[in-house]
Amino acid sequence: MNRTRIVNLIVIFMFLFLSLGLLNLEVIQGRRLRDLSDKNSIRLLPQIGARGKIFDREGNIIVDNKLSYDALILPQEAGQPDKALAEGARILEIGLQDLKNAFNNGYIAPSVPVVIAKNIGLKKAIALEEVKFDFPSIIIHPSPIRHYSYNSLAAHVIGYVSEIDRWRLTKLADYGYKTKDIVGFGGVEEKYDYYLRQEEGGLSVQVDHRGRFVRVLGFRQPRQGRDIELTLNLKIQKIAEQNLADRKGAVILMDPYTGEIIAMASSPNFNPSVFSDKSGYSISGLFNNPDAPLINRATSGLYPAGSVFKLIVATAALETKKLNPSTTFICQGSMNIGKQKFSCWDTHYRQNLIGAIERSCNVFFYRTGLLLGAQTIHDYAIKFGLAKPTAFELPYEASGFIPSPLWRKINKFKNWFDGDTANLSIGQGDVLVTPLQITRMMAVFANGGYLVTPYVVKAIDAKDISSYQRKITSLHFKRSTIDYIREGLRDVVLSPAGTANVLADLAVSVAGKTGTAQAPGGQPHAWFVGFFPFKNPKFVICVFLERGGPGYLSCLVAKQIIGMMIEEGLI
Amino acid sequence: MRNSYFVILIIALIIAAIGILSIYSTTYQKEGKLWQEIYKRQILWVLLGLTMFIIMSNLPYRWLWDWTYFLNAAALFFLFLVFMLGVVRLGAQRWLKIAWFNFQPSELAKLIIVIFLSRYFSRKEVYDTSLLSTKFGIFRGLILPFLFVAIPMGLIIEQPDLGSGLMILFLFIAVLYLSKLKLKYIFIFLLIMILALPLVWQILRDYQKERLLVFLNPNIDPLGAGYTVIQSKIAIGSGAIFGKGWLSGTQSQLHFLPEAHTDFIFASFAEEWGLLGSAVLLILYYLLIKQGVLIAQRTNDYFGRLLALGISLMLGIQVFINIAMNLGLAPVVGLPLPLMSYGGSCVLATFVALGILVNIDRTRAIF
């Protein structure tokens, strides 16, 4: 073959080779390479909207947002970032080395501003803004952060906000949550994060090979989070927290008919703003504190019920007709069950049910309990909503526990003795309840036999959701049973021998039950749970003092709270 | 006869125009008046090239036969001059500063070597006008011409300009093959070249070794030596079928693609015009080269035929290496795309070569 023709063929082959290469890149790999090209040149600069506000039932702001000023440096303008950093250090009164570290750690690309100091305060922000002419790279970026007008007020109901953690991120990534998102932890902030959460808007910009800004491609307005209105009454909440003061414990005020939580205090509490201000020292202090200030004792604390449990035994006895109003037992200060001696806190002699409630007689309830049997008591406790969460909306609610012979047999391989029944009858032994469960139990007597579901969120984005929140079930108790126990509860306050007699001189008629729950190793827990006014109850109140001593002390706190509510005309 | 003149001229001008559009697109956003007016300079070069094309197409090509040794000497002289006092740009010493422009002698040297080789292998016996090259032994057929080629080639590789050096080597092999030299000698030459490869590897500069390694696997150094190839592939691929449109190529305009207006102008073009545009461009180049081969086949004069083939192959090899390197199918060597890349010397040399080509076709008719 002619050499020229071979060369000609080689040329044709070379061009075919190039065409195939072109086809491969532009058609076969085209889509992937187009994505890479976009990735090269398109950046998103997020713009954050404001998280939804939280109001109390009267429209007072509990949590809103304030502007926090962050100092940023835009590397592409900086030229020599050292000079701008030095000026920043002078005005912010922060060590130059700290700023340099923050700058180097935060650096991503020249077009992305680096945060060198967060939450610098308005005065310093203005001072920095004034030197902007000489240092165009310094940017002051206002961003909304949580503002708590009343500091720690209702902290446990509200919760706090902080950067999303790994566990939540894996769970919520499918719902559009990203790393570094600010999300709610605990309380309404966590439960209603989806509603409170703002929708991020942003700027889509084109950058060049060194990441420098070229032009804006698009902008989406950030959407504000939805506002939430709570059932809390700020004034009552304040009174409750004020009287709980330095003691450990919880106070709950609830509407007995609807389940609206009017006040819910847990002590010790915390100031949620430390999580927004990012002061690491105080945050770790909160987590390490042995008193666990982050725990909401009202819903997540588990304690023995003590004498308040006797109301369940009384109801069970009346409902099952094991007792009638005229049945009497004699209390001689103690009784023997098997070989063990079970004592009462006093000697009450002969008394009927009302008297036993009034003076909280243990012996009466030992005998009643033995008549009923442990399983019946257990079943009635379940009816009153114990041993399971109340379906209250805030997260981390504990379920509590009521023992039963069957449970004991299956889980502990032990027999149930009459002594255990006696202990159960006065709410001791393995009984564990939350203050919220006890509040709800008392509501049954206040409202005439209905089990309510407590709730705290009244409206979202000005839309009233109460009708969805209210879940009220009738327990089908006899009217006479409820009335009879109510009478006993009133006597607890009215009768000079009643355990809560100290509340008798209030200007409002209170009914309730005290409890002194023994707990191993130390002071007993003090309970007072009641409702007022007696005729048409508006509030159920539960005062619980962890290791607070005898129930009498809880009565004192309750008295203070109710007294102040009367003073301020809140009843 | 006038046919090839206009076909070549029109194709060359279309390619040059596409080149100017692409140069404008890649540079109009850059800062500095110099960058933004660079396309005007290219227009000037193309106009100058056009003049050279017209002059060369009217100058009977046989004068090249007589002037070969002078041209050779001139090429060597300029290459030495570059070696002594050339302008260093982009880490290489390839340019001579003459008045207001930079001149790259290696572009012209390639053409001169093609002329020299064509003449060398088309000398004839005095007695019966048969070709001398058929009787060449290994010394006169291989060693002597290689020595002539090796000196300018060495100087060019030393600049360093591996691409042009390699091109000269390929041209040498191609002309050997096209001359009626015995195939045996060509195989011997190829064998020696292959055996010399390890030695050549030692001579290569670090960056050249890097580029060759990166060609084998661009991902070993995506931000360093492999960066250009990766960005070039992204640019071409992101053009897809219809391209991003003129002035809308993000890769080339936002400087992700280095040398977007010179060696990688094909990638810039493909990004904005897509598969359709690039296919048209490839066809244009093919037609241009095909014209050269056709002219060679029509020419009876042996010198003219060899020269026409040499020039066509010179263009073809350069187009092939450049586009293959843009596609990531060849290692990155500093070779411009003839007629498209920005650069006066290359544009001028190409137009001169095309002028000679046209003249070969013209002169043929005179016989």
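Residues numbered from 1 in each chain as written. Chains lettered and ligands numbered in written order. Predicted model: local features only at pLDDT ≥ 70, side-chain atom pairs only at ≥ 80, totals over all residues.

Caption draft 1: Focus on the overall build of chain B. Helices and strands together make up the secondary structure of chain B, namely 14 helices and 3 strands. Buried residues in chain B amount to 51% of all 367 residues. Taking all contacts inside chain B whose residues are at least 6 apart in sequence as the whole, residues at least 24 apart take part in 70%. (Helix = DSSP H or I, 4+ residues; strand = E, 2+ residues; numbered from the N terminus. Buried ≥ 20, exposed ≤ 12 C-beta atoms within 10 Å, placed from the backbone. Contact = placed C-beta atoms within 7 Å.)

Caption draft 2: Structural view of the overall build of chain A. A count of helices and strands for chain A gives 24 helices and 23 strands. A buried classification covers 43% of the 571 residues belonging to chain A. Within chain A, residue pairs in contact and separated by at least 24 positions form 71% of the contacts whose partners lie at least 6 positions apart.

Caption draft 3: A look at helix α23 (residues 479–494) of chain A. Residue and element names in this part refer to chain A. Taking 1.5 Å per residue, 16 residues should reach 22 Å; α23 reaches 22 Å between its end C-alpha atoms and fits that length. Residues I482, Y484, I485, G488, L489, R490, V492 and V493 constitute the buried set of α23. The inward-facing, buried residues of α23 abut α15 (310–319), α16 (353–359), α21 (435–447), β21 (511–517) and β22 (525–532). (Expected span 1.5 Å × (residues − 1).)

Caption draft 4: Layout of the sheet that holds β21(A). Residue and element names in this part refer to chain A. Taking strand neighbours across the sheet as the criterion, the 5 strands line up as β12-β11-β23-β22-β21 in an open arrangement whose pairing is antiparallel. The outermost strands of the open sheet, each flanked by one partner alone, are β12 (261–267) and β21. Each strand axis lies, on average, 5 degrees off the axis of its neighbour in the sheet, ignoring direction. In the sheet, strand β11 (residues 249–254) pairs with strand β23 (residues 539–545) via 6 bridges, with the strands oriented antiparallel. Bridge pairing in β23 links I252 to C542. In this fold α23 packs onto β21 and β22, with an angle of close to 75 degrees to the strand it touches most, β21. (Pairing = 2+ DSSP bridges. Axes fitted to C-alpha atoms, helices over the stretch in contact; angles between N-to-C directions.)

Caption draft 5: Highlighting the confidence of the model for chain B. Summing up the model confidence of chain B, the mean pLDDT is 86 and the portion of residues at 70 or higher is 94%. Across the interface, the model reports ipTM at 0.90; the global pTM reads 0.63. (pLDDT = per-residue confidence, 0-100.)

Caption draft 6: Representation of the interface of chain A and chain B. With 25 residues of chain A at the contact, the number on the chain B side is 33 residues. Taken together, the elements giving at least two residues each to the side of chain A that touches chain B come down to α1 (3–28) and α2 (30–41) of chain A. Among the elements that take part in the side of chain A that touches chain B, α1(A) stands out by supplying 14 residues, more than any other. Looking at the side of chain A that touches chain B, its residues break down into 11 nonpolar, 10 polar and 4 charged. (Nonpolar A, V, L, I, M, F, W, Y, C, P; charged D, E, K, R; others polar.)

Caption draft 7: Focus on the sheet that holds strand β1 (residues 42–47) of chain A. All names here are of chain A. The strand order across the open sheet formed by 3 strands is β1-β8-β9, and the pairing between neighbours is antiparallel. In this open sheet, the two edge strands, each paired with only one partner strand, are β1 and β9 (213–220). Within the sheet, the average angular offset between the axes of one strand and its neighbour, ignoring direction, is 25 degrees. Direction of pairing for β1 relative to strand β8 (residues 201–207): antiparallel, over a ladder of 6 bridges. The partner of P46 across the bridge, within β8, is G202.

Caption draft 8: Expanded view of helix α20 (residues 418–425) of chain A. Residue and element names in this part refer to chain A. A large share of α20 lies buried, amounting to 6 of its 8 residues. Taken together, the buried positions of α20 are D420, T421, A422, N423, L424 and S425. If you follow the buried residues of α20, they end up packed against α15, β14 (334–337), β15 (340–343), α17 (362–372) and α18 (374–383). Looking one or two places after α20, you find G427, whose phi comes out positive at around 70 degrees.

Caption draft 9: The arrangement of the environment of S467(A) in detail. Residues and elements named next belong to chain A. Mapping S467 onto the fold places it in helix α22 (residues 466–469). Overall, S467 belongs to the exposed group, with 6 C-beta atoms counted inside 10 Å. Distance from S467 to T258, taken between C-alpha atoms, is 9.9 Å for residues 209 residues apart in sequence.

Caption draft 10: Structural context of the nonpolar core. All names here are of chain A. Counting residues in each nonpolar core, the largest one holds 116 residues, and the members touching the most others are V188, V251, I252, A263, M442 and C542. Take this core: its biggest share by element is 8 residues, from α21. There are two domains that each give this core at least three residues, and those are domain 2 (48–230) and domain 3 (234–270 + 294–567). Excluding residues that lie within four positions of it along the chain, A263 makes contacts with L232, N233, I236, Q237, A240, V251, I252 and L253. (Core = buried A, V, L, I, M, F, W, Y, C linked by C-beta atoms within 7 Å. Domains from an automatic or database assignment.)

Caption draft 11: Structural context of the packing of α15(A) against α17(A). All names here are of chain A. Contact pair α15 / α17: the axes reach a minimum separation of 10 Å and the direction vectors enclose 50 degrees. With respect to α17, the element α15 is oriented oblique. In terms of crossing hand, the pair formed by α15 and α17 is left-handed. Facing K310, V313, A316 and A317 of α15, the residues of α17 in contact are F365, T368, G369, L371 and L372. Per-class residue counts for the contact of α15 with α17 are 6 nonpolar, 2 polar and 1 charged. (Parallel < 35°, antiparallel > 145°, perpendicular 65-115°, else oblique. Left-handed = near helix turned anticlockwise from the far one by under 90°.)

Caption draft 12: Representation of the packing of helix α4 (residues 81–92) of chain A against helix α5 (residues 96–106) of chain A. All names here are of chain A. Between α4 and α5, the least distance of the axes is 9 Å, while the angle of their chain directions is 130 degrees. Relative to α5, the element α4 lies oblique. As for the relative orientation of α4 and α5, their crossing is right-handed in sense. Contact residues: α4 offers P81, L85, A86, G88 and A89, while α5 offers L96, L99, K100 and F103. Per-class residue counts for the contact of α4 with α5 are 7 nonpolar, 1 polar and 1 charged.

Caption draft 13: Focus on the environment of W95(B). Relative to the assigned elements, W95(B) resides in strand β2 (residues 92–98). In the structure, W95(B) is positioned 17 residues away from F78(B) in sequence and 9.9 Å away in space, judged by C-alpha atoms.

Caption draft 14: Looking closely at the environment of N501(A). Note that N501(A) resides in the loop between α23 and β21. Contact partners of N501(A), with chain neighbours within four places excluded, come to V493(A), S495(A) and P496(A).

Caption draft 15: View of unusual backbone geometry. Residue and element names in this part refer to chain A. Cis geometry is found at the peptide bond from S267 to P268, where omega equals 0 degrees. As for its placement among the helices and strands, P268 is situated in the loop between β12 and α12 (273–277). Between F532 and the following residue, P533, the backbone shows a cis peptide bond with an omega angle of -10 degrees. Positionally, P533 belongs in the loop between β22 and β23. A positive phi angle is found at H476, which is not glycine, with a value near 55 degrees. Despite not being glycine, R547 shows a phi value in the positive range, around 50 degrees. Taking the C-beta count within 10 Å as the criterion, R547 has 16 such neighbours and is therefore assigned partly exposed.

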